[in-house]
Amino acid sequence: MGASDWAGRMCLRLEEEFDISEDRALRITTLVRLLRGEGYEDVFGEYGSERHQKLQKQLIDELDKSLLEQSGNTIEERWNNLMDELDCQSRADNGVYLIPWSEHEADDWQNPGVTSSRP
């Protein structure tokens, strides 16, 4: 399954589960994809490691379930709690926390609106 196929399916699941817009769900899946790239090289850890397998499951295979298990009134709060649980910010050069949806004014869908300090 390609990244765009995964993102499309996961967006639908997030929209239904959390009653959010497509743009808001896409914001989450975009950030998951960013966590695999530049500035985030150590977030998942070495391929095949226990950490890599855990994050693969929680952030890709079962992202919707992982977010449901977190506390929070918004999907962004749940995401930020998951990032704390998985200790992602300390392993990233770039921000992993989502700013509140009400403050997000991206002109590009590839900008999910992140910060390195907890909002």
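For the structure, check the block above.
Quantities reported herein were computed from a predicted structural model and do not represent experimental measurements.

## Structural notes on the overall build of the protein chain
Thought 1: Along the protein chain, the regular secondary structure elements total five helices and two strands.
Thought 2: Ordered by position in the sequence, the α and β elements of the protein chain form the string α-α-α-α-α-β-β.
Thought 3: In summary, the protein chain has a C-alpha radius of gyration of 13 Å against a globular reference of 14 Å for 119 residues, a match within 12%.
Thought 4: Overall, the C-alpha framework of the protein chain stretches about 35 × 30 × 30 Å when taken along its three principal axes.

## Let's talk about the environment of L67
Thought 1: Here L67 shows up in helix α4 (residues 63-68).
Thought 2: Judged by its relative accessible area of 0%, L67 is buried.
Thought 3: Each C-alpha atom, one on L67 and one on F18, is 9.5 Å from the other, the two residues being 49 residues apart in sequence.
Thought 4: Apart from residues lying up to four places away in sequence, L67 is in contact with L14, F18, I28, I75, R78, W79 and L82.

## Topic: the environment of Q58
Thought 1: With respect to the element layout, Q58 can be found in helix α3 (residues 50-61).
Thought 2: Of the residues examined, Q58 reaches a relative accessible area of 13% and is grouped as buried.
Thought 3: Sequence separation between Q58 and L86 is 28 residues, and the spatial gap between their C-alpha atoms is 9.2 Å.
Thought 4: Ignoring sequence-local partners within four residues, the contact set of Q58 consists of L63, S66, L82, E85 and L86.

## As for the packing of aromatic side chains
Thought 1: For the structure on display, the rule yields zero aromatic pairs.
Thought 2: For R36, the ring lying beneath its charged end belongs to F44, and the centroid distance is 4.4 Å.

## Let's talk about unusual backbone geometry
Thought 1: Its identity as a non-glycine residue notwithstanding, D19 has a phi of 50°, on the positive side.
Thought 2: Along the chain, D19 falls in the loop between α1 (3-18) and α2 (22-34).
Thought 3: Exposure remark for D19: the relative accessible area of 72% places this residue in the exposed category.
Thought 4: You will see that D87, though not glycine, has its phi angle at about 55°, which is positive.
Thought 5: Tracing the sequence through the fold places D87 in the loop between α5 (75-85) and β1 (97-98).
Thought 6: Look at D87 and you get partly exposed, because its relative accessible area is 41%.

Conventions we followed
- Residues numbered from 1 in each chain as written.
- Predicted model: local features only at pLDDT ≥ 70, side-chain atom pairs only at ≥ 80, totals over all residues.
- Heavy atoms only, no water.
- Helix = DSSP H or I, 4+ residues; strand = E, 2+ residues; numbered from the N terminus.
- Rg over C-alpha atoms; globule rule 2.2 N^0.38 Å.
- Buried < 20%, exposed > 50% of the residue type's maximum accessible area, 1.4 Å probe, protein only.
- Contact = heavy atoms within 4.5 Å.
- Phe/Tyr/Trp six-rings, centres within 6.5 Å; stacked < 30°, edge-to-face > 60°.
- Lys NZ or Arg CZ within 6 Å of the ring centre and 35° of its normal.

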